[in-house]
Protein chains: 2
Amino acid sequence: MGSAAPHVYAPLPLDPETFTAESRSVIDFLDGYYRDVESYPVRPDAEPGRLRTLLPDAPPEHGDPVDVILEDVRRHIVPGLTHWQSPNFFAYYPMNASTAGFAGEMLSTGLNVVPFVWAASPAATELEGVVVDWMCKLVGLPDRFLFSGGGGGVLHGSTCEAVVCTLVAARDRALSRLGHEGILRLVVYASDQSHSTFQKGARIIGIPPCNFRVIPTSAASGYGLTVDSLCSVVDADVANGLVPLYLCGTVGTTGLGAVDPVRQLGEVARRYGMWLHVDAAYAGSALICPEFRDCIDGAELADSVSMNPHKWFLTNMDCCCLWVASPAVLTSALSSNPEYLNSISQGGGAEVVDYKDWQIALSRPFRAMKLWVVLRRYGAAGMRAYIRRHVEMAEWFERTVRADQRFEVVAPRRFSLVTFRLRPRYEGEQHAVDTMNRKLLVAVNASGRAFMTHFVVDNKFVIRMAVGGAMTQMRHVRDAWELVKEKAKEVGALSTEC
Amino acid sequence: MGSAAPHVYAPLPLDPETFTAESRSVIDFLDGYYRDVESYPVRPDAEPGRLRTLLPDAPPEHGDPVDVILEDVRRHIVPGLTHWQSPNFFAYYPMNASTAGFAGEMLSTGLNVVPFVWAASPAATELEGVVVDWMCKLVGLPDRFLFSGGGGGVLHGSTCEAVVCTLVAARDRALSRLGHEGILRLVVYASDQSHSTFQKGARIIGIPPCNFRVIPTSAASGYGLTVDSLCSVVDADVANGLVPLYLCGTVGTTGLGAVDPVRQLGEVARRYGMWLHVDAAYAGSALICPEFRDCIDGAELADSVSMNPHKWFLTNMDCCCLWVASPAVLTSALSSNPEYLNSISQGGGAEVVDYKDWQIALSRPFRAMKLWVVLRRYGAAGMRAYIRRHVEMAEWFERTVRADQRFEVVAPRRFSLVTFRLRPRYEGEQHAVDTMNRKLLVAVNASGRAFMTHFVVDNKFVIRMAVGGAMTQMRHVRDAWELVKEKAKEVGALSTEC
């Protein structure tokens, strides 16, 4: 038997005493990590390939105790991480971790049930139905997205998956009319601010790449999609014999946090028979506060809506809510009925939800547990207070940038993202200013004291300050502003102050 | 401010003391669960919709302490779960949980980093590269699937995702030659034993449903795909002007655990210019034992291979290894380069892996940590011993069934799945025997003392006994056999013994 000589005992993988002792070691490790993370460089100064030189070429033949493994994590892995849970992480959109999100994930991971069909774990399927309905009400979506309203929701791992599934649903509904060769005539519409996942999703499902339309936006509409620019493109396509299929609207775009006019897009979508998907991946969390609710006005005209609790809703990776107005359109495109999954006993049957038919994969984790624990632990009021704290910090940052005439805010802040840059001092300085802002951002990030990312709009290089870390407090935001000013001086931008 | 009156404090979601205290409560809960799970009915006697009647219609306005939440889990949710970690779970293919898999998931969930591009967490990306290389060597794949051999691997959440990604890669490589209208001529091949995910995946990526070929297998080849039956279908398609695109081979099919002849399929695939994907979702774990290595002979002719550590490799949900021989074909089909992800600093660049271009979604969890901890904790020898223990238990069950002339083994056991049924006593009894076996399975499952599922092959209803739970010991397998005999008697099958 070679390497498996008789003296090698098979592990007892779920022995409760070992489980508890080793899990407590991991908890202690994470306790220490959360205490220390603020002191780490937010982004490591890592050379590509460094970790591979530190680890062996092959897995060990014999196992190590958990403490040895945790020590290797501490020495080799932690120094090469970008610390998304650092209070000084202001990049991309932050992905919140929380004690409740962690607890929910532990329960889900520990129970390790796989609710692909109802019978494979009834309570896991049903909790998912309950929790997506709760979230639907909390973000203020119309009743038609509730199970009781004829719609329904599902938890995916990412917006991209939600987009692929809704694109497939829209496509197959259209092809049932057009025949499969109609796929060459289908067109998908997004704005130049929409997430790249729409273009990738359309490509994945077989839409000809030349049939993906990127509609320009501008500062005049706050970088939201306008009906006029949309309709002129759609009309031209229709005149050319193409078939408008799917329109993406966004509440809180990735680059600038812009908001498309949902009601107007819905009216256009209905007129042309298009599927409207509203992507509220980031800003969907803010919709739980009534003061942001107007951003989703007109959602009753949408076919589907998605938002990511794993971004700004204290739900550790990964968790994306997708709601659809017509589950049958989704499931008729995504269902499969292999014999090995058929239920042979009483119960179940037509009235239950089999979530395998609402997603790409067959297998699926018990994500509902995680989101349910977050909602139970913090409550709606706690979550609103949490969101508002971030928005207030971003308001302060925006106000402070505006008050400093060397800087400018590029797009109006709606939620917790501030887009800003050093301002050109005269016409024609644009290129030099871009270089200066680029250097500024490199210097800020190289300091290790904060991590921000950038965007380019109207050919301007823009720095994004995305407030939203679970541990971020006002002092971190103040420190970030001091850091920006300090580095701006170092890279020379402020050497000749106006 | 309505519901968010000033007295509501925002949660401090990662306060280390709270984190540790509440996480320990969850560990204690799971400790108790693992101690008790054997005593629970494996599959609940649940009425559809029960959980919804127990929970409120809307999320709570104010949060609850963690102990209150855990008590609700205990009272309302646990009784409605199908207990995948019960030692008496023999259904589908078991999904192993383990202390190490749990520890790895806790680390991943606690750190909550998102390695979509290298710069977003260098060590997380690099650990993934290391661990897929380790697994590649461990299961005995050829060097061409290693990064150092020009190939490479990625961790997905499911086989389905791996299949969609490789289908898209194969499709776009073909369409670059044929033009997009060529999509109507592309054909995907699988056997009648292949997983339903291939048909679903082909549909998702826009292959005309009429261009998905299901090639029959039979007992004569152990339900493996034969070259003759494959080639006759492919030749007919080519003669009709269609383009063979993608062939699916399986090592360890879902229904029966059958194995397709990988080398022969590879030769056919090369001859017709098809992409060959080898799906070893379940049995891939067994390939770490040299005695099973012949099942993957010829893998150097494949374009991609996948296996699921979340099934039989002690890695809690979810984790699927995908290896490709040519990463460039994959990434050219799946890459996107939005401005907000471009790296502006030194380092990074062309030589790093950006895993967003190896998968459907942009965001992704740090799955590498989980699989790395499993390999570190148990070692290759420990994992082999673990796999062999399950195989030995299945061998015993198979031998015991064969020794009882009232039963028959339907397909030869290769790994840890035994497919069996009550045997017809005379020609023409087929329908009655199917009914009897169906009743037998319902009775076994209704007892709560074991949970098995079924399959249908050659019009025979077959019971599947899939050994592979993390806590399953020989006594559970013996008990399952006693249960089968007892229930067979109850449903009358054995009332007139031969």
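What counts as what
Residues numbered from 1 in each chain as written. Chains lettered and ligands numbered in written order. Predicted model: local features only at pLDDT ≥ 70, side-chain atom pairs only at ≥ 80, totals over all residues. Heavy atoms only, no water. Helix = DSSP H or I, 4+ residues; strand = E, 2+ residues; numbered from the N terminus. Rg over C-alpha atoms; globule rule 2.2 N^0.38 Å. Buried < 20%, exposed > 50% of the residue type's maximum accessible area, 1.4 Å probe, protein only. Contact = heavy atoms within 4.5 Å. Areas by Shrake-Rupley, 256 points an atom, 1.4 Å probe, with all protein chains shown as cover. Axes fitted to C-alpha atoms, helices over the stretch in contact; angles between N-to-C directions. Parallel < 35°, antiparallel > 145°, perpendicular 65-115°, else oblique. Left-handed = near helix turned anticlockwise from the far one by under 90°. Nonpolar A, V, L, I, M, F, W, Y, C, P; charged D, E, K, R; others polar. Expected span 1.5 Å × (residues − 1). Pairing = 2+ DSSP bridges. Salt bridge = Lys/Arg side-chain N within 4 Å of Asp/Glu carboxyl O. Buried area = accessible area lost by both parts, 1.4 Å probe. Polar contact = N/O pair within 3.5 Å; in protein donor to acceptor, adjacent residues only side chain to side chain. Least-squares fit on C-alpha atoms with pLDDT ≥ 70 in both. Core = buried A, V, L, I, M, F, W, Y, C linked by side-chain atoms within 4.5 Å. Domains from an automatic or database assignment. Phe/Tyr/Trp six-rings, centres within 6.5 Å; stacked < 30°, edge-to-face > 60°. Lys NZ or Arg CZ within 6 Å of the ring centre and 35° of its normal.

Some points on the overall build of chain A
- When you go through chain A residue by residue, the secondary structure sums to 14 helices and 11 strands.
- Against the globule reference of 23 Å for 498 residues, chain A gives a C-alpha radius of gyration of 25 Å, in line with a compact fold.
- Looking at chain A as a whole, 68% of its 498 residues are labelled buried.
- Contacts in chain A between residues far apart in sequence, at least 24 positions, make up 74% of those at least 6 positions apart.
- Taken as a whole, chain A presents about 15800 Å² of accessible surface, with 50% of it coming from carbon and sulfur.

As for the packing of helix α1 (residues 16–36) of chain B against helix α3 (residues 66–77) of chain B
Residue and element names in this part refer to chain B.
- Close contact between α1 and α3 brings their axes to 10 Å; oriented N to C, the two are set at 20°. It follows that α1 is roughly parallel to α3 by the angle criterion. Pair α1 / α3 crosses with right-handed handedness. Packed against α1, whose contacting residues are Glu22, Ser25, Val26 and Phe29, the element α3 presents Val66, Asp67, Leu70, Val73 and Arg74 at the interface.
- Across the contact of α1 with α3, the residue classes break down as 5 nonpolar, 1 polar and 3 charged.

A word on helix α6 (residues 159–178) of chain B
Residue and element names in this part refer to chain B.
- Under the 1.5 Å per step criterion, the end-to-end length of α6 is 28 Å for 20 residues, consistent within 8% with the ideal 28 Å.
- The buried fraction of α6 is high, at 16 of 20 residues.
- Within two residues after α6, Gly179 carries a phi angle of roughly 80°, on the positive side.

Examining unusual backbone geometry
- In this chain, Met317(A) is followed by Asp318(A) through a cis amide linkage whose omega measures -10°.
- Topologically, Asp318(A) is positioned in the loop between α10 (309–312) and β7 (320–324).
- Its identity is not glycine, yet Tyr223(A) carries a phi of approximately 65°, on the positive side.
- Its relative accessible area of 2% is what places Tyr223(A) among the buried residues.
- Positive phi values are uncommon outside glycine, yet Tyr92(B) reaches one of about 40°.
- For Tyr92(B), the location among the structural elements is in the loop between α3 and α4 (99–111).

A word on the sheet that holds strand β1 (residues 152–156) of chain A
Residue and element names in this part refer to chain A.
- Spatially, 7 strands are ordered β1-β7-β6-β5-β4-β2-β3 in an open sheet, and the strand pairing comes out mixed. The open sheet has two edge strands with one neighbour each: β1 and β3 (212–215). Strand-to-strand twist of the sheet, defined as the mean angle between neighbouring strand axes without regard to direction, takes the value 20°.
- The pairing of β1 with β7 spans 5 bridges and is antiparallel. If you follow Val154 over to β7, its bridge partner there is Leu322.

Quick look at the pattern of salt bridges
- A full pass over the atoms with the stated rule returns 62 salt bridges over all chains.
- For Asp404(A), the salt bridge is made with Arg406(A), and the minimal N-O distance between the two is 2.5 Å. Each of the two residues, Asp404(A) as well as Arg406(A), counts as buried.
- A network of salt bridges, in which partner residues are shared, links Asp64(A), Asp72(A), Arg75(A) and Arg376(B).

What about the interface of chain A and chain B?
- If you look at the interface, chain A gives 174 residues, while chain B gives 174 residues.
- Summing the contributions of chain A and of chain B, the shared interface buries around 15300 Å²; its carbon and sulfur component is 66%.
- Counting every contact that joins chain A to chain B gives 14 salt bridges.
- A salt bridge links Arg203(A) to Asp172(B), with the shortest nitrogen-to-oxygen separation between them at 3.0 Å.
- The tally of links between chain A and chain B comes to 71 residue pairs in polar contact (both at pLDDT 80 or more).
- Tallied by class, the residues present in the side of chain A that touches chain B amount to 98 nonpolar, 41 polar and 35 charged.

A short note on the packing of helix α12 (residues 367–403) of chain B against helix α14 (residues 474–490) of chain B
Residues and elements named next belong to chain B.
- Taken N-terminus to C-terminus, the directions of α12 and α14 make an angle of 25°; their axes are 10 Å apart at the nearest point. For the element pair α12 / α14, the angle class is roughly parallel. Every pair of crossing elements has a handedness; the one defined by α12 and α14 is right-handed. On α14, the residues that touch Met393, Trp396, Phe397, Thr400 and Val401 of α12 are Met474, Val477, Arg478 and Trp481.

Some remarks on the relation of the copies chain A and chain B
- Placing chain A over chain B gives an RMSD of 0.0 Å and needs a rotation angle of 180°, together with 0.0 Å of translation along the axis. What the superposition gives is, in effect, a two-fold axis relating one chain to the other. No C-alpha of chain A approaches the rotation axis more nearly than that of Ile205(A), which lies at 2.1 Å.
- Residue by residue, 100% of the interface of chain A is reproduced at the interface of chain B, so both copies engage with the same surface.

A closer look at the sheet that holds strand β3 (residues 212–215) of chain B
Residues and elements named next belong to chain B.
- The 7 strands are arranged β1-β7-β6-β5-β4-β2-β3 in an open sheet whose pairing can be described as mixed. A strand with exactly one partner marks an edge of an open sheet, and here the two such strands are β1 (152–156) and β3. Strand-to-strand, the axes of this sheet are offset by a mean angle of 20°, without reference to chain direction.
- In terms of strand pairing, strand β2 (residues 186–191) meets strand β4 (residues 243–250) through 4 bridges, oriented parallel. Opposite Val187, over in β4, you have Pro244 as the bridge partner.

Remarks on the nonpolar core
- Counting residues in each nonpolar core, the largest one holds 330 residues, and the members touching the most others are Trp323(A), Trp372(A), Trp323(B) and Trp372(B).
- At 15 residues, α12(B) tops the list of elements feeding residues into this core.

Comments concerning the environment of Trp323(A)
All names here are of chain A.
- Tracing the chain through its elements places Trp323 in strand β7.
- For Trp323, a relative accessible area of 0% translates into the label buried.
- Residues Trp323 and Ala162, spaced 161 residues apart in sequence, show a C-alpha to C-alpha distance of 9.1 Å.
- In this structure, Trp323 is in contact with Val132, Met135, Cys136, Val139, Leu141, Phe145, Gly152, Gly153, Asp303, Ser304, Val305 and Met307, ignoring residues within four places of it in sequence.
- Within polar-contact distance, the side chain of Trp323 engages the backbone oxygen of Val132 at 2.9 Å.

Side note on the domain arrangement of chain A
- If you check the domain split of chain A, you get domain 1 (16–81) and domain 2 (113–365).
- Each of domain 1 of chain A and domain 2 of chain A has a C-alpha centre, and the two are 38 Å apart.

Some thoughts on the pairing of strand β5 (residues 275–279) of chain A
Residue and element names in this part refer to chain A.
- Of all 5 residues making up β5, 5 are buried, and the element is well covered by its neighbours.
- Judged by which residues are buried, β5 turns out to be covered on both faces: Trp275, His277 and Asp279 on one side and Leu276 and Val278 on the other are all buried.
- Note: strand β4 (residues 243–250) against β5, 5 bridges, orientation parallel. Bridge assignment links Leu247 to a residue of β5, and that residue is Leu276.
- Relative to strand β6 (residues 304–307), β5 runs parallel, the two being bridged by 3 bridges. Paired with His277 across the strands is Ser304, a residue of β6.

Regarding the packing of aromatic side chains
- Per the stated rule, a full pass over the model turns up 44 aromatic pairs over all chains.
- With centroids separated by 6.3 Å and ring planes inclined at 50°, the aromatic side chains of Phe407(A) and Phe420(A) adopt a geometry described as tilted. Pair noted here: Phe407(A) is in strand β8 (residues 407–411) and Phe420(A) is in strand β9 (residues 417–422), with a separation of 13 residues, a long-range link. With respect to burial, Phe407(A) and Phe420(A) carry one shared label: buried.
- Aromatic ring contacts, followed pair by pair, group Phe19(A), Tyr33(B), Tyr34(B), Tyr40(B) and Phe102(B) into a single cluster.
- Cation over ring: Arg464(A) sits above Tyr93(A), and NZ or CZ is 5.0 Å from the ring centre.
- Stacked on the ring of Phe145(B), the Lys or Arg Arg144(B) has its end atom at 5.7 Å from the ring centre.

Digging into the side chain of Ser191(A)
Residues and elements named next belong to chain A.
- When you line up the elements, Ser191 lands in strand β2 (residues 186–191).
- Looking at Ser191, its side chain comes within polar contact range of the main-chain nitrogen of Gln193, at 2.8 Å.
- When near neighbours in sequence (up to four residues on either side) are disregarded, Ser191 contacts Val214, Ile215, Thr217 and Leu225.

So, the pairing of β6(A)
Residue and element names in this part refer to chain A.
- A two-sided burial pattern is seen for β6, the buried positions comprising Ser304 and Ser306 on one face and Val305 and Met307 on the other.
- Direction of pairing for β6 relative to β7: antiparallel, over a ladder of 4 bridges. Paired with Ser304 across the bridge in β7 is Val324.

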